[in-house]
Amino acid sequence: MENGGSCLPCTPDEERQIVQDLKNQSDLDLKEGNLYFLISTRWYRSWERYVCGDEPSIDNISFDSPHMNGVSSKRAERPGPIDNSDIIQNGNGSSEGDDLEVRRNLEEGQDYVLVPQQVWEKLFCWYKGGPALPRKMISEGIVNEKRVEVFLLCLKLIDSRDNSQTVIRLSKKASTRQLYEKVCKLRGIEQEKARIWDYFNKQRSTSPLDVSDQTLDDAMLQMDQDILLEVQVDNGISMDSTGNDLALVPIEPSRSSLTIAGGPALSNGHTTGYRFNQYPGSSFGSTFMDMDDGYDSYNTAKKGEKGGLAGLQNLGNTCFMNSALQCLVHTPDLAQYFLGDYSDEINTENPLGMHGELALAFGDLLRKLWSSGRAAVAPRAFKGKLARFAPQFSGYNQHDSQELLAFLLDGLHEDLNRVKQKPYIEMKDSGGRPDEEVANECWKNHKARNDSLIVDVFQGQYKSTLVCPVCSKVSITFDPFMYLTLPLPSTVTRTMTVTVFYANGSGLPMPFTVTLMKHGCCKDLILALSTACCLKIDEGLLLAEVYNHQIFRFFENPAELISSIKDDEHIVAYRFDRKQGGKIKLEIVNRWQEKSASDYLKGSERKLFGAPLVTYLEEEHLSGADIDIAVSKLLSPLRRTYSSAKAHGGKENGFLPEVIDELSNSHNESVETAELEDLCSRELSFQLSLTDERISSCKPIQKDSILKPGKHIKVLLDWTDEVHELYDPSYIKDLPVVHKTGFTVKKTRQEAISLFSCLDAFLTEEPLGPDDMWYCPQCKEHRQATKKLDLWMLPDVLVFHLKRFSYSRYLKNKLDTFVNFPILNLDLSKYMKSKDGESYVYDLFAISNHYGGLGGGHYTAYAKLIDENRWYHFDDSHVSPVSEGDIKTSAAYVLFYRRVKSKTKAEMAETSQAKDVSIFTPSPPEARVEELVLIINGWLVNNYVNLA
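Residues numbered from 1 in each chain as written. Predicted model: local features only at pLDDT ≥ 70, side-chain atom pairs only at ≥ 80, totals over all residues. Heavy atoms only, no water.

The name given to the protein chain in an unreviewed UniProt entry is Ubiquitin carboxyl-terminal hydrolase 10, with Citrus sinensis as the source organism.

Given below as structure tokens:
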């Protein structure tokens, strides 16, 4: 470590240790303002291979491993200078730091790594190169969540004097004072003569940005937006870029009739007597009425236009937010509520809420979308509130629309919660009481603490049943839900390939591929294999893992989870007769000698190959002859078909071909007792050796050898040339892995599934995962209980989240499976465990779509205007009508359904009268055709699954 403070050459081990120590030291002092540097993952991984050898990452090295003790594996060559050209916009640049923009589609780990300043300085000292890309750690949100700001705020500065445009990059946590300093230094002007305006959407704000400590984030400046620079002229006359005089118009405060939550109107303006160059095309009279859209607040829709058809501008990877918002603002119950006066329900005292600010921001945005005709709205104020209260959605990275929906629904609920002081309520156990009584009690307790529009509209209740696997204790609870996350069948099931061997030698080994629940156990795997291989009633299966051509472990506990079995492992099952199954387990491990005469003479180590063979023996006192007979039976299915000319008498190398010929003439247990007794009187047919678990010692087995009794006997079988000649070892070679996967595996298009199959998978009973154990009050211990969900009470608006994204240790995947979902008349009656008199039929009214893969892609939304009975496609700013037949795609991610209200007797009577009238007042032909098409479409939708 004496080289740690200098740039003297270091060995790879010294470099690794110095960097690791500096990282550990930096992790102990995480605070806002700490400096980090971006380094291309491509270069950093090459450096890791140089200092760590074959280890995957310096962060994963164990310090007591051989690599840390000087016994290093093969190392890569020393990398050249640090090269960050692949993560910089346009691939290169001569400048440093803030003036260099990194590519917007970068992902940490995959494209770049972040290292503390001390690590960068040391690496730069050793390797030079660059360019340096420093980034600061910032704090975001009211909880001061810390993260490194990788993507700086990019602003386009327009100089009103010559119309020139310059790109400026600053941290969004930089102050407006720092913005003024940077702009004035760049343009060579005095700060007292400069004014900078928010010029979003080419609309000037009501007042210039103040020179203060307000952050650019709080000023709601967005990525890639325009800002306008105006410079005071010494003679007090404003000039445009051509030198012509411009009329001076005083800045007036905004006079907006905007009301917040139906309350009194607010206005805030700023006047000034300074005269500045005015940018052509702008007007001091065109005020920036609201920072949220860049247009006059609540633009009145043109005559004949309906509301709800306004798009949302993309503020930089905010399509996920736009998609979620369009689904919510087109929820009829929400629209009706927020278009009215909801000021009395704002809860500013709730510590779990956002002091009412989120609800106000959402309501303000909803009003704009429903009153601005088709003019797109820029949700800047809403995004600012979102970043403040949910820092995970700040910045300009792509996010998950469903995660945002979950946050919004929960946040709106807390901001609108009618309960000001939440009472403490102790939950009671069901105690064998009727489900109706327990469910009503749980819902009453929930409503005592949670009472809002969101609860009224979006929340339902399901029944959760837990059963202890040890004492059979049953626990029943009734829990509220805001949405249902439905797994696609391919995400809750697992495909496994297992090779089945006959323990009695009556058939060839055969691989079987079965599908079962991911959280299943070995018992489930055995049941699936039993069906696949047509297991007889008196037969059983013994599961085992094969590693290095030996049995690594037997799965003798039927309750063991199959999650302990990895996809790249080799699993076998030995099929045995329960009646003949004995206490002694015989494992035959195959070994062979490489074709080298010199090695053979030297007695060099033989190599293991193939899968081991396993059988059960009943005798307590076993001899070498007994083992020899058992091996002969196990190998009989592998017997080659060859001409009699090749057969020869006599004995070579202790091998009797005529004996094997006798044994292998039958394909099952056809060796008579008399023949077996006759074999015992001869010499052994195979070269066998008794060994231990680790095969650390071998003892040859003779005919008269007596084996010590034990539950498990392990024997080595040497495949001589004669054995190879009579038996084909290919049947026991090259075992398939459990599931072949990897980065190069191409995604195959899966068959279409129905929404009902997803719901069935959600409601299927399954054991809890090992990380989600349940504390059994009767056992007083955590148990891996089985869990069963049932729908008990459904809300008026039912939201389904299709779980398309899956994550594992090595892979991230998105399922593009087409899910067939009903548009009209989704009937959930058969899933309900209670009958509360409500309708369980739903109609679809909105969809959040996701196109593309993980870490990117694009979100859009389909929404139905209920009054118009027409669907529209919302793609950020672009809004267009779409036919109902085109809204079903494999991109459907979140589905919004609305309950179809059951008609009262009076309504049914009115409908009946209307039908009678229609007999005498026939509809026009177009209406009759449309009605017929709707009837046919509805029938096809409801019967699609049955027809398929």
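It is worth spelling out the nonpolar core at this point. Membership of the largest hydrophobic core comes to 57 residues, with the highest contact counts inside it found for Phe 338 and Phe 458. For this core, the element with the highest residue contribution is helix H5 (residues 319-329), accounting for eight residues. Excluding residues that lie within four positions of it along the chain, Phe 338 makes contacts with Ala 359, Phe 362, Gly 363, Leu 366, Arg 367, Leu 412, Leu 416 and Leu 453. Counting residues in hydrophobic clusters, the runner-up holds 38 residues, among them Val 614, Val 631, Leu 688 and Val 723. (Core = buried A, V, L, I, M, F, W, Y, C linked by side-chain atoms within 4.5 Å. Buried < 20%, exposed > 50% of the residue type's maximum accessible area, 1.4 Å probe, protein only. Helix = DSSP H or I, 4+ residues; strand = E, 2+ residues; numbered from the N terminus. Contact = heavy atoms within 4.5 Å.)

All right, on to the packing of aromatic side chains then. For the structure on display, the rule yields 23 aromatic pairs. Taking 6.5 Å as the distance between ring centres and 50° as the angle between the ring planes, the aromatic pair formed by Tyr 859 and Tyr 893 counts as tilted. Of the two residues, Tyr 859 sits in strand S38 (residues 858-865) while Tyr 893 sits in strand S41 (residues 892-899), which places them 34 residues apart along the sequence. In this pair, the class of Tyr 859 matches that of Tyr 893, namely buried. Three or more aromatic residues joined by ring pairs form one cluster here, namely Tyr 337, Phe 338, Tyr 342 and Phe 362. Lying across the ring of Phe 554, Lys 585 places its NZ or CZ 4.0 Å from the centre. (Phe/Tyr/Trp six-rings, centres within 6.5 Å; stacked < 30°, edge-to-face > 60°. Lys NZ or Arg CZ within 6 Å of the ring centre and 35° of its normal.)

Reading across the sheet, the four strands line up as S8-S7-S10-S9 and stay open at both edges, with mixed pairing between neighbours. With one partner strand each, in any of the chains shown, strand S8 (165-170) and strand S9 (194-198) form the two edges of the open sheet. Geometrically, the sheet is characterised by an average inter-axis angle of 30° between neighbouring strands, direction not taken into account. Of the pairings in the sheet, the one linking strand S7 (residues 153-159) to S8 comprises six bridges and is antiparallel in character. Looking at S8, one finds that Ile 158 is bridged to Gln 165. Where helix H4 (residues 176-187) meets the sheet, its contacts fall on S7, S8, S9 and strand S10 (225-231), and the angle it forms with S8 comes to roughly 140°. (Pairing = 2+ DSSP bridges. Axes fitted to C-alpha atoms, helices over the stretch in contact; angles between N-to-C directions.)

This model, assessed by the stated rule, comprises 37 salt bridges. A salt bridge links Arg 418 to Asp 456, with the shortest nitrogen-to-oxygen separation between them at 3.1 Å. Remark: Asp 456 occurs in helix H11 (residues 453-458) and Arg 418 occurs in the loop between helix H9 (401-415) and helix H10 (435-449); sequence separation between them is 38 residues. Between Glu 560 and Arg 553 there is a salt bridge, with the nearest N and O atoms lying 3.2 Å from each other. Sharing partners across several salt bridges, the network here consists of Glu 345, Arg 418, Lys 447, Asp 451 and Asp 456. (Salt bridge = Lys/Arg side-chain N within 4 Å of Asp/Glu carboxyl O.)

Moving on: the packing of helix H1 (residues 12-27) against helix H3 (residues 117-127). Axes are the key here: two packed helices are described by the angle between their axes and the distance separating the axes. Contact geometry for H1 and H3: axes closest at 9 Å, N-to-C directions at 160°. Between H1 and H3, the interaxial angle falls into the category roughly antiparallel. Where H1 approaches H3, its residues Glu 15, Ile 18, Val 19, Leu 22 and Lys 23 are matched on the opposing element by Gln 118, Val 119, Lys 122, Leu 123, Trp 126 and Tyr 127. Among the residues forming the contact of H1 with H3, the class breakdown is seven nonpolar, one polar and three charged. (Parallel < 35°, antiparallel > 145°, perpendicular 65-115°, else oblique. Nonpolar A, V, L, I, M, F, W, Y, C, P; charged D, E, K, R; others polar.)

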